[in-house]
Amino acid sequence: MSREAVIFNVQRFSTEDGPGIRTTCFLKGCPLSCVWCHNPEGISPRPQTMWYDVRCIGCRSCVDVCPVGALTAGDKGIKINRSTCSACGKCADACPAAAIEIIGKSWTPEALTDEVLRDSAFYETSGGGVTISGGEPLAQHEFVMDFISRCKGAGLHVALDTSGYAAPAVFDPAADAADMVLLDLKTMNPAAHLELTGVPLEPVLRSARSLGETRKRVWIRTPVIPGATDSDENITAVARFIADNIPGCDRYDILPFSNICASKYERLGMEFRFKETPLVPMERMEELKADAERAGAPNVVIQGLTTRKPQ
Ligand code: SF4
Ligand code: SF4
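Residues numbered from 1 in each chain as written. Chains lettered and ligands numbered in written order. Predicted model: local features only at pLDDT ≥ 70, side-chain atom pairs only at ≥ 80, totals over all residues. Heavy atoms only, no water.

### Some remarks on the site of ligand 1
The following threshold applies: Any residue with a heavy atom positioned within 4 Å of a molecule or strand is treated as near that molecule or strand. Under the grouping applied here, Gly and all other residues not named as nonpolar or charged are polar, the nonpolar ones being Ala, Val, Leu, Ile, Met, Phe, Trp, Tyr, Cys and Pro and the charged ones Asp, Glu, Lys and Arg.
If you check the shell around ligand 1, you find 14 residues, and the closest are Cys66, Cys85, Cys88, Gly89 and Cys91. For the shell around ligand 1, the residue count by class is 10 nonpolar, 3 polar and 1 charged.

### Focus on the pairing of strand 11 (residues 217–224)
Regular strands place side chains that alternate from one sheet face to the opposite one. Rule in force here: Categorising residues by exposure relies on relative accessible area from a 1.4 Å probe, with only protein chains included: less than 20% of the type maximum marks a residue as buried, more than 50% marks it as exposed, and the intermediate range marks it as partly exposed. Numbering of helices and strands starts at the N terminus; helices are DSSP runs of H or I of at least 4 residues and strands are runs of E of at least 2. Following DSSP output, two strands are said to pair if at least two bridges run between them. If the strands point away from the viewer and the path from the first strand over the helix to the second runs clockwise, then the crossover is right-handed.
Taking burial as the measure, the 8 residues of strand 11 include 7 buried ones, the bulk of the element. Examined bridge by bridge, strand 10 (residues 180–184) and strand 11 share 5 bridges and lie parallel to one another. The partner of Asp184 across the bridge, within strand 11, is Arg221. Regarding topology, helix 9 (residues 232–245) serves as the crossover connection from strand 11 to the parallel strand 12 (residues 249–256), and that connection is right-handed.

### Examining the domain arrangement of the protein chain
Stated formally: Where each domain starts and ends comes from a domain assignment, either automatic or drawn from a database.
Its domain assignment divides the protein chain into domain 1 (5–44 + 105–302) and domain 2 (53–103). On a C-alpha basis, the centroid separation for the pair domain 1 and domain 2 is 33 Å.

### Comments concerning the pairing of strand 9 (residues 158–162)
Most of strand 9 is tucked away, with 5 of its 5 residues classed as buried. Here strand 9 shows no split at all, with Val158, Leu160 and Thr162 on one side and Ala159 and Asp161 on the other all buried. For the handedness criterion, the β-α-β arrangement of strand 8 (residues 129–134), helix 5 (residues 141–153) and strand 9 is classed as right-handed. Between the parallel pair strand 9 and strand 10, the chain is carried across by helix 6 (residues 168–177), and the sense of this crossover is right-handed.

### A word on the environment of Leu182
This is how it is decided: Residues are treated as being in contact if the distance between any of their heavy atoms lies within 4.5 Å.
Tracing the sequence through the fold places Leu182 in strand 10. When its relative accessible area of 0% is taken as the criterion, Leu182 is described as buried. Taking the C-alpha atoms as reference points, Leu182 and Arg221, 39 residues apart in sequence, are found 7.2 Å from one another. Excluding residues within four positions of it along the chain, Leu182 makes contact with Asp17, Gly18, Thr131, Leu160, Asp161, Thr162, Trp219 and Arg221.

### Thoughts on the packing of helix 5 against helix 6
Inclusion rule: In this description, a line fitted to the C-alpha atoms serves as the axis of each element, helices being fitted only across the stretch in contact, and the angle between N-to-C directions of two axes falls anywhere from 0 to 180 degrees. Throughout this description, any angle smaller than 35 degrees is read as roughly parallel, any larger than 145 degrees as roughly antiparallel, any in the 65 to 115 degree range as roughly perpendicular, and the remainder as oblique. Rotating anticlockwise by less than a right angle from the far helix to the near helix defines a left-handed crossing, while the corresponding clockwise rotation defines a right-handed one.
Close contact between helix 5 and helix 6 brings their axes to 10 Å; oriented N to C, the two are set at 15°. Between helix 5 and helix 6, the angle falls in the class roughly parallel. For the pair helix 5 and helix 6, the sense of crossing is left-handed. Contacts from His141, Met145, Ile148 and Lys152 in helix 5 reach Val170, Pro173, Ala174 and Ala177 in helix 6. Counted by class, the contact of helix 5 with helix 6 contains 6 nonpolar, 1 polar and 1 charged residues.

### Regarding the site of ligand 2
If you check the shell around ligand 2, you find 14 residues, and the closest are Cys56, Cys59, Arg60, Cys62 and Cys95. Tallied by class, residues from the shell around ligand 2 come to 11 nonpolar, 2 polar and 1 charged.

### Structural notes on the environment of Ala5
Examined against the element boundaries, Ala5 turns out to sit in strand 1 (residues 5–14). Taking the C-alpha atoms as reference, Ala5 lies 8.6 Å from Val144; in sequence the two are 139 residues apart. Every residue in contact with Ala5, bar those within four places of it in the chain, is listed here: Leu27, Lys105, Ser106, Trp107, Gln140 and Phe143.

### Here's the deal with the packing of aromatic side chains
Stated precisely, the cut-off is as follows: Aromatic rings from Phe, Tyr and Trp, taking only the six-membered ring of Trp, are treated as a pair when their centres fall within 6.5 Å; an angle between ring planes under 30 degrees marks them as stacked, one over 60 as edge-to-face, and anything in between as tilted. For a ring to carry a charge above it, either NZ of a lysine or CZ of an arginine must fall within 6 Å of the ring centroid while also lying within 35 degrees of the normal to the ring plane.
Counted under the stated rule, the structure contains 6 aromatic pairs. Seen in terms of ring centroids, Phe13 and Phe122 are 4.8 Å apart; in terms of plane orientation they differ by 85°. Their pairing is edge-to-face. With Phe13 in strand 1 and Phe122 in helix 4 (residues 120–126), the pair connects residues that are 109 residues apart, well separated along the chain. Owing to a relative accessible area of 42%, Phe13 belongs among the partly exposed residues under this scheme. Exposure remark for Phe122: the relative accessible area of 36% places this residue in the partly exposed category. Centre to centre, the rings of Phe272 and Phe274 are 6.1 Å apart; their planes meet at 50°, and the pair counts as tilted. Classification of Phe272 by relative accessible area gives buried; the value is 8%. A relative accessible area of 6% places Phe274 in the buried class. Feature note: the residues Phe257, Tyr265, Phe272 and Phe274 constitute an aromatic cluster, connected by ring pairs. One residue, Arg55, lies across the ring of Tyr52, its end atom 4.0 Å from the ring centre. The residue whose ring lies beneath Arg251 is Trp219, and the NZ or CZ to ring-centre distance is 4.1 Å.

Given below as C-alpha cells:
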C-alpha cells in the first residue's frame, strides 16, 4: 500500500466543498486535462516549481544554486527548464524574496490525519469535516482509502470530491467508505466530453449511476464554461440525468467560470485558453438554474463569482 501521497494544498476553513466548515486536502495528479481547469497545479502528479514575477528582485541566487542548471535569468525574469528541474527546492530555499515555491509535498496518511484533526472543534460545531479533492484523488486511491479509514476512525465526516473517472474497483469502495461524494458532471455530450476533458464520458456516468444505486449522499457539480458547457441543453441534460439516476443527490451546484486561475498557469509555464474570457453574468446563471429546476434537479445552487448588470 502506498504510504504517501503528493498533496498541493491543505485548505482549512473551506465552506464550498461540502456541508459545514471543512478542511479540503488537494491531491496532485489527474487523468483528465479539462481545458478550463482552475487548479492546473493539480494536473501533474509530481511536485512542480512555481516562480512569482511580482516578488522577484532579480538577485540570481536561484540561478547560482540550481544543481542541474535548470534556471536562466533573462529580460522577462527567471525561466525554468521544466524538463531538467527536479523540484528539489534548493532555489526556493536560496531565494531571499520567497519568489519560488515548490508546489506539492509528500504526506503520510498519519500526518495528514493529525493535520486535519487540528480543526475538529470547527467540524463539530458546523456539521463539517474533511473533503478529499484534487486533481483527481482516486489517482492515489490506496492512500485515499487509508486516509478515509483513519478519518472515520477519528469520528470525522468525510466527503470525496471526484471526477468519477476511475475504474469501478477503485471508485466504488472509495465512495462506499466516504460519507458523501461530490461528483462533477461536466457535459452529457460524449464527443464534447472527450474533446474538453481528454477522457470518455461513459466511465463517469457509470460512477454516477453506482452512487444512485447505493443511494449515497451526493452533490453534483457542473462548471459553467462559456462555449463549452454553458448551453441550456447541457444543463437541462445534466439535471435530467440527476433526476432519473441519482436519488441520493440533495444538491446540484452550477459553478460559473472564473479566470482567477490565469496567474497560476503563467507561474507554471502553461497555456490557459480562457485567459481573456469574462465572468458569466448572474442573469445567465439564473436562467441556467431555472433550466435545471425545470428538469427536476434538487436544490440548485449558483456557487462562485458572477457579474451583474449595473442597476
Ligand atoms: S527546484 Fe531544484 S532543480 Fe528545479 S530549478 Fe530549483 S534548484 Fe533547480
Ligand atoms: S533568488 Fe528569488 S528573487 Fe532572486 S532572482 Fe531568483 S527568484 Fe528572483
